[in-house]
Amino acid sequence: MTIQTLQIPPDLPSAAVAYASAGIRVFRVRPDKAPFANCARCRPPTEKRPNPFYIEHRPEECRCTARTCHGFHAATTDVDLVRRWWAEQPDANIGAPCALNGWAVLDIDPRHGGDKSLAVLEERIGVLPGTVMQLTGGGGLHIVFRTPGVSLPGTLGPGLDVKHNGYILLAPSVHSSGGRYRWSGHGRFLQPPVAWPSVLTPRQVRRAA
Ligand SMILES: [Zn+2]
Ligand SMILES: [Zn+2]
């Protein structure tokens, strides 16, 4: 992966386009982070749940008006589509799926003791290597690594979660507390140059990989 530095524009529509142009898959997240649910036309049938209303289509080409359909599976690098999405909804936050973008993210929430959990972890395994970091608008911190491409635990302690199969919001999204997400280092984003520390990958997964 080539290392790229991106200056992130301060407004959501331009920032979303900047990410997509740089090859980062993004999708819209409603400001209230409402949970995603697919409508009948968008929910692919399964063996257990047949769905006669389903219309076959790719998530990023969805034209239904329910804005929650497909969740992060609709994330795209299609700049024209991203421009259209944010023209329709300029206050939508910018979501980015982690694994699909090649990231594994440590999510530290001090309100739930994440700072203490991180201190305990670093006492045990040593200080984590420096990499790209994002300040969440709510006092938290994202430490972004390159994904190891294996399954990871969802949490490493209270307030210390691993975002891998899920998504994160990207700067300048607005946190529920009203603050904006921002990248540390003068608001620039850099593709994470540092691999996920293998010491944080469960032993049995490491052996199988
Ligand atoms: Zn739908
Ligand atoms: Zn759809």
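Just so it is clear, the structure is predicted and the values come from calculations on it, not from any experiment.

Student: Would you take a moment to explain the overall build of the protein for this structure?
Tutor: On a plain count of helices and strands, the protein comes out with 4 helices and 11 strands. Against the globule reference of 17 Å for 209 residues, the protein gives a C-alpha radius of gyration of 18 Å, in line with a compact fold. Its C-alpha atoms give the protein principal-axis dimensions of about 55 × 45 × 35 Å. Taken across its 209 residues, the protein has 44% of its residues classed as buried.

Student: Hey, could you run me through the pattern of salt bridges in this one?
Tutor: Any two side chains of opposite charge can pair, given that their charged atoms come close. Enumeration over the complete set of coordinates arrives at 5 salt bridges. Residues Arg28 and Glu88 are paired through a salt bridge, measuring 3.1 Å at the closest nitrogen-oxygen approach. Separated by 60 residues along the polypeptide, Arg28 in strand β2 (residues 27–29) and Glu88 in helix α2 (residues 79–88) bring together distant segments of the chain. Note that Asp80 and Arg83 form a salt bridge whose closest N and O atoms lie 3.8 Å from each other. Here Arg83 and Asp80 lie together in helix α2, a separation of 3 residues that amounts to about one turn. A residue is classified by how much of its surface remains accessible, and Arg83, at 47% relative accessible area, is partly exposed.

Student: Any chance you could explain the sheet that holds strand β8 (residues 160–163) here in plain terms?
Tutor: In sheet architecture, strand pairing relies on hydrogen bonds along the backbone and comes in two forms, parallel and antiparallel. Pairing is antiparallel across the open sheet formed by 6 strands, whose spatial order is β7-β8-β4-β6-β5-β10. The open sheet has two edge strands, β7 (155–157) and β10 (182–183), and neither has a second partner. Here helix α3 (residues 114–125) sits on the sheet in contact with β4 (103–108), β7 and β8, set at roughly 85 degrees to β8.

Student: Would you take a moment to explain the packing of aromatic side chains for this structure?
Tutor: Here a ring pair, both rings aromatic, is described through the centre-centre distance and the interplanar angle of the planes. Taken as a whole, this structure holds 6 aromatic pairs when the rule is applied. The interplanar angle of 55 degrees and the centroid separation of 4.5 Å between the aromatic rings of Trp183 and Phe189 together place this pair among those described as tilted.

Student: What is the right way to look at the coordination of the zinc ion (ligand 1) in this model?
Tutor: Octahedral six-donor coordination of a metal ideally yields angles of 90 or 180 degrees, compared with 109.5 degrees for tetrahedral four-donor coordination. Those protein atoms acting as donors to the zinc ion (ligand 1) are Cys39 (SG), Cys42 (SG), Cys64 (SG) and Cys69 (SG), and they sit at 2.3 Å. Its 4 donor atoms give the zinc ion (ligand 1) angles of 103 to 121 degrees at the centre, a pattern that matches the tetrahedral case. A separation of 4.0 Å is found between the zinc ion (ligand 1) and the zinc ion (ligand 2), which share Cys42 as a coordinating residue. Per residue, the accessibility class of Cys39 equals that of Cys42, and both read buried.

Student: I'm lost on the coordination of the zinc ion (ligand 2) in this one. Help?
Tutor: Summarising the metal site, the zinc ion (ligand 2) is bound by the protein donors Cys42 (SG), His57 (NE2), Cys62 (SG) and His70 (NE2), whose distances to it range over 2.1 to 2.3 Å. Because the angles between the 4 donor atoms bound to the zinc ion (ligand 2) fall within 97 to 116 degrees, the donor set is best described as tetrahedral. For the zinc ion (ligand 2), the single-chain donor residues occur in sequence as C-x14-H-x4-C-x7-H.

Student: Can you walk me through the sheet that holds β2 in this structure?
Tutor: The strand order across the open sheet built from 3 strands is β2-β3-β9, with neighbouring strands paired in antiparallel fashion. Each of the sheet's edge strands pairs with one partner strand only, and the pair in question is β2 and β9 (167–170). Taken over all neighbouring pairs, the strand axes of this sheet differ in orientation by 45 degrees on average, direction set aside. In the sheet, strand β3 (residues 93–97) pairs with β9 via 4 bridges, with the strands oriented antiparallel. Along β9, the bridge assignment pairs Ala96 with Ile168.

Student: Before we go on, may I ask you to explain the side chain of Ser173 in this structure?
Tutor: Relative to the assigned elements, Ser173 resides in the loop between β9 and β10. With relative accessibility at 0%, the residue Ser173 sits in the buried group. At a separation of 2.9 Å, a polar atom in the side chain of Ser173 contacts the main-chain amide nitrogen of Ile94. Setting aside its immediate chain neighbours within four residues, Ser173 contacts Leu12, Asn93, Ile94, Gly179, Arg180 and Tyr181.

How each quantity is defined
- Residues numbered from 1 in each chain as written.
- Chains lettered and ligands numbered in written order.
- Predicted model: local features only at pLDDT ≥ 70, side-chain atom pairs only at ≥ 80, totals over all residues.
- Heavy atoms only, no water.
- Helix = DSSP H or I, 4+ residues; strand = E, 2+ residues; numbered from the N terminus.
- Rg over C-alpha atoms; globule rule 2.2 N^0.38 Å.
- Buried < 20%, exposed > 50% of the residue type's maximum accessible area, 1.4 Å probe, protein only.
- Salt bridge = Lys/Arg side-chain N within 4 Å of Asp/Glu carboxyl O.
- Pairing = 2+ DSSP bridges.
- Contact = heavy atoms within 4.5 Å.
- Axes fitted to C-alpha atoms, helices over the stretch in contact; angles between N-to-C directions.
- Phe/Tyr/Trp six-rings, centres within 6.5 Å; stacked < 30°, edge-to-face > 60°.
- Donors = N, O, S within 2.8 Å, 3.2 Å for Na, K, Ca; no water.
- Tetrahedral: all angles 85-135°; square planar, octahedral: opposite > 155°, others 65-115°.
- Polar contact = N/O pair within 3.5 Å; in protein donor to acceptor, adjacent residues only side chain to side chain.

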